[in-house]
Amino acid sequence: MKYLIQASLLTALPALVAAQQDLHIRVENEDFRPRQIFSSVTTPSSTKGLTGVISTPAALTSAVGDGNAVSSLSRSSSHTTLTAEPLATTPVPTFHLQSTNPTAVPLASINAAQPSLATKPLDSTVVAGTVPTFLPGAPAIPNVALLKPSNYPALDKIPPIDSPEVQRWIQEVKDTGIAVPEFTPTNPGYLGGCLNNSASVGEDSRCWWTCGGCTRPTDISDCPTALDWGLTYDDGPSFYTSNLLAYLDQENLKSTFFVVGSRVISFPAILQTEYMSQHQIGVHTWSHPPLTTLTNEQIIAELGWTKKVIKDVLGVTPNMMRPPFGDIDDRVRAISLAMGLIPVMWTRISPLATFDTDDFNVHSGATSVEQVLQNWGNILSNVASRSSGFIVLEHDLFEQTVEVATGYILPDALAHKPRFTIQPVISCLKKKMSDAYIETNDNSTNPPALSAAVNAGLTKETKAPTPKKSSSDLLLLDQRAILMSLGTLAMGFGVGGLAFLRFSLV
Ligand SMILES: [Zn+2]
């Protein structure tokens, strides 16, 4: 029986992954997803052997993906102000790593065409009933044998909103009093992204990260202390997560895993091992859609089912989330915070310096492992000038992403001088691991998401929830409260954004 279950998962996963990958490709190729290049304020370190990104304007065009990005480049006074070194005629990714893993898969073998290699078994599986003593107040580990996929929505599809569970979560969001802005969802589809959303891109009040990198004080985009790396991996658990876990164990490293609810259904034992190995678990939606394209109710369904399946497998519920593709605006923020989830992004210095390794696209052949390492080298160069720490986008979904992490990026990071402190996001924020879960957070040092929203002015005045309006009214909002709360934020960030834009163009 066990074999049959595993065999069915083996059969099903490639299709599920393919569906998810399609979404990645569509959005990442067409949205404003600039890749990492040197910021204008840094120079490559010759001692590291990094010779910098050598990019033609054409290469930049191809890297950033769409017309918006090209025009933003064109508006700058000079391309050379955006890079540390003069542009050359040909893109030549170059990098030099301080250290690699002696057992690393050779770079030449890490590509879209590589055969699937054997995965390592989990070092240990968690026995149901085990109490996670490292988390005061956490309940015993549930029995995953009792997890019934039929009790959850279809995998890798946006869950329906008419289930009793989703209706209850919709009501709970309303009851928080959080003001959810009435933005229309952004346009999805083949021509989605910034190019097909010019009106939304122009709405400063939307604060849409995808098209402009806007963040709010409630977003976590970096670690406060210089040289602290908030290590994160997205999209798992997967077949290859165990290989990553083995390496992390070997090096005594802990990470944050932003997990997809559908993958948790497929690999609950891996999630339990991550959790019991004292890695942090965060929410990464049920089916991995770009959240700004969904209705409020669909966003609630995506986050709610992922919270639920994680709690059913671990006994606790994360209080951090990462939006797929980083696709977040004030509507998604407000809903996430109302559901107790604080958004965690990745570091973004400027439109052309986001801390995205682009490791995900090696599997599809859209990028090369050499380019991923070049991106990593560029991130390191940008880190050198930062007064705070950083968070990088990486994935544990594909063998290629795990191989580049365990064979190259992590060994190089461990050899970095000065030393990085590599740790989960919750730890780099100087919080206890127990602060990372709704049930174990004692609220003494880490106010829950709802409090954070109140502090950021995202809620209406505290008052008793207004019970029982029609369901169509559930998420309609008090316009005045929105204008007051988000307007205040927008004013502050508008000024900051202008200053930042000015900085980034000189
Ligand atoms: Zn993802």
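Here is what the cut-offs are and how they apply
- Residues numbered from 1 in each chain as written.
- Predicted model: local features only at pLDDT ≥ 70, side-chain atom pairs only at ≥ 80, totals over all residues.
- UniProt positions renumbered as here; feature names shortened; annotations may be inferred.
- Helix = DSSP H or I, 4+ residues; strand = E, 2+ residues; numbered from the N terminus.
- Expected span 1.5 Å × (residues − 1).
- Buried ≥ 20, exposed ≤ 12 C-beta atoms within 10 Å, placed from the backbone.
- Arc of directions from axis to C-beta.
- Contact = placed C-beta atoms within 7 Å.
- Core = buried A, V, L, I, M, F, W, Y, C linked by C-beta atoms within 7 Å.
- Pairing = 2+ DSSP bridges.

Named according to an unreviewed UniProt entry, the protein chain is chitin deacetylase originating from Psilocybe cubensis. UniProt lists a comment for the protein chain under the heading Catalytic activity (unreviewed entry), and it reads "[(1->4)-N-acetyl-beta-D-glucosaminyl](n) + n H2O = chitosan + n acetate". Heading Cofactor (unreviewed entry) of the UniProt record for the protein chain holds this comment: "Co(2+)".

A. Layout of helix α4 (residues 164-176). Between its first and last C-alpha, α4 extends 19 Å over 13 residues, near the 18 Å set by a 1.5 Å rise per residue. Within the span of α4, buried status applies to Val166, Trp169, Ile170, Val173, Lys174 and Thr176. Seen end-on, α4 carries its buried residues on one side only, within an arc spanning 160 degrees. Turned more than 90 degrees away from the buried face of α4 sit Pro164 and Arg168, all of them exposed. In this structure, the buried residues of α4 make contact with α9 (296-314), α10 (330-338) and α14 (449-455). Positive phi appears at Gly177, one or two residues downstream of α4, with a value of about 80 degrees.

B. A look at the nonpolar core. Grouped together as the largest cluster of nonpolar side chains are 105 residues, with contacts concentrated most on Leu271, Ile300, Ile335, Leu337 and Leu341. When residues in this core are grouped by element, the largest group, 9 residues, is from α9. Every residue in contact with Leu341, bar those within four places of it in the chain, is listed here: Val283, Leu303, Asn319, Met320, Met321, Ser336 and Ala449.

C. Spatial organisation of the sheet that holds strand β9 (residues 390-391). Strand order in the open sheet formed by 3 strands is β9-β1-β10, with parallel pairing between adjacent strands. In the strand order of this sheet, the two ends are held by β9 and β10 (421-423), each with one partner. Sheet analysis places strand β1 (residues 228-230) next to β10, joined by 3 bridges and oriented parallel. Paired with Gly230 across the strands is Gln423, a residue of β10.

D. Representation of the environment of Asp222 in the model. Note on placement: Asp222 falls in the loop between α5 (198-202) and β1. Once the C-alpha coordinates of Asp222 and Val392 are considered, the two residues, 170 residues apart in sequence, prove to be 8.7 Å apart. Here Asp222 is in contact with Thr347, Ser388, Gly389, Phe390 and Ile391, once residues within four sequence places are set aside.

E. Spotlight on helix α8 (residues 268-276). In terms of residue burial, α8 counts as a mostly covered element, since 7 of its 9 residues are buried. Within α8 the residues assigned to the buried category are Pro268, Ile270, Leu271, Gln272, Thr273, Glu274 and Tyr275. Elements in contact with the buried residues of α8: α6 (241-250), β3 (256-259), α7 (261-266), β4 (280-283) and α9.

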